[in-house]
Amino acid sequence: MTTTRTAPTAQRPAAPSRTGKRAGKRAGNRAGAASRAPWLLLAPFLGLFVLTFLLPIVVAIISSFTKVTRSGLFGEAGVTSEFAGFSNYAQALADGSFVASIGRMLLFGVVQVPVMIVLCTALALMLESASAKWPGFFRAAYFLPYGVPGVIATILWSFLYVPGLSPLFDVAKIVGLTPDFLGANSVLWSIANIVTWSYTGYNMLIIVAQLKAIPVELYEAAKVDGASTWRVARSIQLPLIRPALMLTTVFSIIGTLQLFAEAQVLKTVAPAIDSQYTPNLSAYTTAFAYNDYNVAAAQSVIIAVAAFALSFAFLALTNRKSS
């Protein structure tokens, strides 16, 4: 009896159904939409960020390396732009008034920034202590000066600095003093007083937010160990608010070189303040009084680099000490 063998037939994979194709396509569309959604939501912010932040920086840097030449008496024969290399930077650094303004602001920062950081830290620690009364009210009261624009704050303080208008001079006469708040040797510290008054409350809130993040268990353990308020502040609070202190210090260093409104307003009542008293005021004067926008752009870049270098040096120094 003979048997016949049949060769096995290969089974073909089943073709995907239309329903499976549609489901896969819908899943792919959903995945693509999910990946695009964050960018669509960020698009308005990114557009404004590029337009109002990145683009001006790029234009300022390009302008600082450019020299504009106007032909004719009033420029009617044409305007030509050419690459100037570092000549604008050399001209800016050769300006003694601009260099002096940077040195003046460095002195300002060395004195004013530590004083303000100590004040805002002390206020934050007092308001977050267990014995503080009405902390919410006092937080709002200390923060209120920050809500006053710098120009308005300077005008308000100028009434206290000008003889004949300020009641402080009448009080000083009673004790035999003759203060000169707007003199050549004191006007810088009068400006420092305005800045400290304006920004201490703002920096205090940053430190308060860091203090509120400290776990309650640490305070309870310190209370069980019998630690005093000063010991809690020194051993628990101050080490744990170090990031907030670094942040406020960096903000203050950057703000020091950006000082403009206070000097611009007080210039009308203080002869000791000239048109190049601060770096920003010097760049403003170079651009809009001397119409030299390229040198003003170079001055602006120098100010930005100086602020970055000082902030980086401070962070490097503090990180080295902590390590």
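Residues numbered from 1 in each chain as written. Predicted model: local features only at pLDDT ≥ 70, side-chain atom pairs only at ≥ 80, totals over all residues. Heavy atoms only, no water.

### Concerning the overall build of the protein chain
Operational definition: Segments assigned H or I by DSSP are reported as helices when at least four residues long, segments assigned E as strands when at least two residues long, and all are numbered from the N terminus. Throughout this description, buried means an accessible area under 20% of the type-specific maximum (1.4 Å probe, protein chains only), exposed means over 50%, and partly exposed covers the range between. Contact between two residues is taken to exist if any of their heavy atoms lie within 4.5 Å; hydrogens are not considered. Accessibility throughout is a Shrake-Rupley quantity obtained with a 1.4 Å probe, and a residue counts as covered only by protein chains that appear here.
Tallying secondary structure elements over the protein chain gives 13 helices and two strands in all. Taking all 323 residues of the protein chain together, 32% fall into the buried category. Long-range contacts, defined here as pairs at least 24 residues apart, represent 66% of the contacts in the protein chain between residues at least 6 apart. Of the accessible surface of the protein chain, which amounts to about 20800 Å², a share of 68% is contributed by carbon and sulfur atoms.

### Points about the side chain of Q112
Within the element layout of this structure, Q112 appears in helix α3 (residues 96-127). Not counting the four nearest positions on each side in its chain, Q112 is found in contact with A192, V195, T196 and T256.

### A few points about the pattern of salt bridges
What counts is decided by this rule: One side-chain nitrogen of Lys or Arg within 4 Å of one carboxyl oxygen of Asp or Glu is enough to make a salt bridge.
Tallied over the entire structure, the rule returns two salt bridges. The closest approach of N and O atoms between E128 and R139, which form a salt bridge, is 3.1 Å. Here E128, found in the loop between α3 and α4 (135-143), pairs with R139, found in helix α4; they are 11 residues apart in sequence, far enough to count as distant. Close ionic contact of K212 with E128 constitutes a salt bridge, the shortest N to O distance being 3.5 Å. On the criterion of sequence distance, the pair formed by K212 in helix α7 (residues 187-212) and E128 in the loop between α3 and α4 is long-range, its members being 84 residues apart. A relative accessible area of 22% means that E128 is categorised as partly exposed. The structure contains a network of salt bridges with shared partners spanning E128, R139 and K212.

### Structural notes on the packing of aromatic side chains
Stated formally: Classification of ring pairs rests on two measures: the distance between centres of Phe, Tyr or Trp rings, Trp counted by its six-membered ring, which must be within 6.5 Å, and the angle between planes, read as stacked under 30 degrees, edge-to-face over 60 and tilted in between. Remark: a charge is flagged as sitting over a ring if the NZ atom of Lys or the CZ atom of Arg is within 6 Å of the ring centre and within 35 degrees of the ring normal.
Tallying each qualifying case throughout the model produces 19 aromatic pairs. When the centroid spacing of 4.5 Å and the interplanar angle of 20° are considered together, the rings of Y146 and Y202 count as stacked. With a gap of 56 residues between them, Y146 in the loop between α4 and α5 (150-161) and Y202 in helix α7 connect regions that are remote in the sequence. Each member of the aromatic cluster is reached from another via a ring pair, and the members are W157, Y161, F169, F181 and W197. Taking the ring centre of Y277 as reference, the NZ or CZ of R104 above it sits at 4.3 Å.

### Focus: the confidence of the model for the protein chain
Definition in use: Confidence of the predictor at the level of single residues is captured by pLDDT, which takes values from 0 to 100.
Of the residues in the protein chain, 88% reach a pLDDT of 70 or more, and the chain-wide mean stands at 87. Taken element by element, the predicted model of the protein chain shows its lowest mean pLDDT in strand β2 (residues 78-83) (80) and its highest in α7 (95).

### A closer look at helix α6 (residues 167-174)
To keep things clear, this is the line we draw: What qualifies as a polar contact is a pair of N or O atoms within 3.5 Å, subject to a donor-acceptor requirement within protein and to the restriction that residues adjacent in sequence count only when both atoms come from side chains.
Two or three places before L168, at the start of α6, stands the capping residue S166, its side-chain oxygen 3.1 Å from that residue's backbone nitrogen. The first or second residue beyond α6 is G176, which carries a positive phi of 80°.

### Quick look at helix α2 (residues 87-94)
Because each turn of an α-helix spans 3.6 residues, side chains separated by three or four positions in sequence point in the same direction. Heads up, the rule is: Summarising the geometry, the arc corresponds to the directions from the helix axis toward the C-beta atoms.
Those residues of α2 not exposed but buried are N88, Y89 and A92. All buried residues of α2 fall inside an arc of 100° around its axis, so they share one side.

### Let's talk about the packing of helix α8 (residues 216-224) against helix α9 (residues 229-240)
To be explicit about the condition: The convention used is that axes are lines fitted to C-alpha atoms, helices contributing only their stretch in contact, and that angles between N-to-C directions extend from 0 to 180 degrees. Reported orientations rely on four angle classes, namely roughly parallel under 35 degrees, roughly antiparallel over 145, roughly perpendicular from 65 to 115, and oblique for the rest. Handedness of a crossing is defined here by the sense of rotation of the near helix relative to the far one, left-handed for an anticlockwise turn of less than a right angle and right-handed for a clockwise turn. Under the convention adopted here, Pro, Cys and the residues Ala, Val, Leu, Ile, Met, Phe, Trp and Tyr are nonpolar, Asp, Glu, Lys and Arg are charged, and Gly plus all remaining residues are polar.
Here α8 crosses α9 at 165°, and the two axes come no closer than 11 Å. Between α8 and α9, the interaxial angle falls into the category roughly antiparallel. Of the two possible hands of crossing, α8 and α9 adopt the one that is right-handed. Residues L218, Y219 and A222 of α8 form the contact with α9, whose participating residues are V232, I236, Q237 and L240. Of the residues that constitute the contact of α8 with α9, the class distribution is six nonpolar, one polar and no charged.

### Comments concerning the side chain of T249
Looking at where T249 falls in the secondary structure, it is placed in helix α10 (residues 242-257). By relative accessible area, T249 is classed as buried at 11%. In this structure the side chain of T249 is engaged in a polar contact, spanning 2.7 Å, whose partner is the backbone oxygen of L245. Sequence-distant contacts of T249, that is, excluding residues within four places in its chain, are made with V113, I117 and F314.

### Here's the deal with the environment of F314
You can see F314 is positioned in helix α13 (residues 293-322). In sequence terms F314 and M246 are 68 residues apart; their C-alpha atoms lie 8.6 Å from each other. Once you skip the residues sitting within four places of it in the chain, F314 turns out to touch M246, T249, V250 and I253.

### Concerning the environment of I303
Mapping I303 onto the fold places it in helix α13. Distance in space between the C-alpha atoms of I303 and A283 is 9.3 Å, their sequence separation being 20 residues. Excluding residues within four positions of it along the chain, I303 makes contact with F98, L257, P279 and N280.

### Some details on the environment of F159
Relative to the helices and strands, F159 is located in helix α5. Look at F159 and you get partly exposed, because its relative accessible area is 45%. Sequence separation of F159 and V269 is 110 residues, and the distance between their C-alpha atoms is 10.0 Å. Contacts of F159, omitting those with residues within four sequence positions, involve L165 and S166.

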